Amino acid sequence: MHAPKTSRIPVDLLLRAYRGGVFPMADHRRDTEVYWVEPRERAILPLDGFRLSKSLKKTLRQNRFRVTCNADFAAVIAACAAPREEHAESWISHRIESSYNALHLAGHAHSIECWRGRELVGGLYGVAFDRVFCGESMFSRETDASKVALAWLVAGMRAAGYALLDCQFMTDHLARLGAEAIPQSRYMALLAGAGGFPDVTLPNAIEWFGAYSSPGKAIAQSLTQTS
């Protein structure tokens with residue numbers, strides 16, 4: 001089944017929306033329209049408040065997965081959209097998927113991948129601007145794969161000098177990892193305070209951790225310094 005032919009959301013429009021605290025969603029996978037969401041309550045994950053459980057710390061230190069950044073953005077967003085496609089309920093429409101692939105090519109959307117050999121087994125993607133990363137979606141095909149990706153994201157953001165990790169909507173899963181629900185007005189204030197540029201790019205920070213002889217151990221140590 002082919003995706004409907006629709007125009008992408010322009011990169012500059014997407015970035016203006018995110019800077020204004022708004023993001024697009026769709027009603028189903030083949031929806032050609034998008035609607036712009038401004039939640040009354042916003043979920044954020046404080047970068048010094050990530051809860052590293054003993055089991056996740058063990059998984060990280062075992063280097064169970066090989067972790068990369070931007071190695072296959074298209075595959076990550078496709079995997080995030082795919083599980084619900086047969087029910088036509090995914091908010092990641094083909095139009096949104098195409099638009100974020102373009103945003104990635106423009107340097108403002110990143111993915112973190114977890115690999116088992118050559119198989120992509122988990123990951124996440126999101127939008128990056130200023131010192132902000134807006135997490136969009138994650139997926140996992142093996143236990144803890146998406147949690148490992150999130151742990152790498154948090155450690156990478158901290159190392160790179162980012163200020164705000166937006167999770168959009170609160171879930172029980174995110175709450176267990178340290179996410180907090182705040183009013184949209186508070187989110188906008190945090191957004192305004194997260195301007196400027198990080199010290200290094202997120203891909204460079206992830207690559208830096210990946211250069212360690214035991215990358216997962218380095219990530220775990222980084223997160224336990226203040227967690």
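A brief look at the structure comes next. (Residues numbered from 1 in each chain as written. Predicted model: local features only at pLDDT ≥ 70, side-chain atom pairs only at ≥ 80, totals over all residues. Heavy atoms only, no water.)

**A closer look at the overall build of the chain**
Part 1 of the argument: In terms of regular secondary structure, the chain is built from nine helices and nine strands.
Part 2 of the argument: The C-alpha atoms of the chain give a radius of gyration of 17 Å, which matches the 17 Å a tight globule of 227 residues would have.
Part 3 of the argument: Across its three principal axes, the chain shows a C-alpha extent of roughly 45 × 40 × 30 Å.
Part 4 of the argument: Per-residue burial over the chain gives 52% buried out of 227 residues. (Helix = DSSP H or I, 4+ residues; strand = E, 2+ residues; numbered from the N terminus. Rg over C-alpha atoms; globule rule 2.2 N^0.38 Å. Buried < 20%, exposed > 50% of the residue type's maximum accessible area, 1.4 Å probe, protein only.)

**Details of the pattern of salt bridges**
Part 1 of the argument: Inspection of the entire model under this criterion finds six salt bridges.
Part 2 of the argument: Its salt-bridge partner being Asp12, residue Arg16 comes within 3.6 Å of it at the nearest N-O pair. You can see Arg16 and its partner Asp12 sitting in helix α1 (residues 11-19), four residues apart, about one turn around the helix.
Part 3 of the argument: Across the pair Asp130 and Arg19 runs a salt bridge whose closest N-O atoms are separated by 3.4 Å. You can see Asp130 sitting in the loop between β6 (119-129) and β7 (132-140) and its partner Arg19 sitting in helix α1, a full 111 residues away along the chain.
Part 4 of the argument: Look at Asp130 and you get partly exposed, because its relative accessible area is 27%. (Salt bridge = Lys/Arg side-chain N within 4 Å of Asp/Glu carboxyl O.)

**Notes on the packing of helix α5 (residues 145-160) against helix α8 (residues 202-210)**
Part 1 of the argument: Contact pair α5 / α8: the axes reach a minimum separation of 8 Å and the direction vectors enclose 110°. Between α5 and α8, the angle is such that the two are roughly perpendicular. Here Trp152, Leu153, Ala155, Gly156, Met157, Ala159 and Ala160 of α5 come into contact with α8, specifically with Leu202, Ala205, Ile206, Trp208, Phe209 and Gly210.
Part 2 of the argument: Partitioned by chemical class, the residues of the contact of α5 with α8 number eleven nonpolar, two polar and no charged. (Axes fitted to C-alpha atoms, helices over the stretch in contact; angles between N-to-C directions. Parallel < 35°, antiparallel > 145°, perpendicular 65-115°, else oblique. Contact = heavy atoms within 4.5 Å. Nonpolar A, V, L, I, M, F, W, Y, C, P; charged D, E, K, R; others polar.)

Bear in mind that shape data such as this cannot, by itself, settle questions of function.
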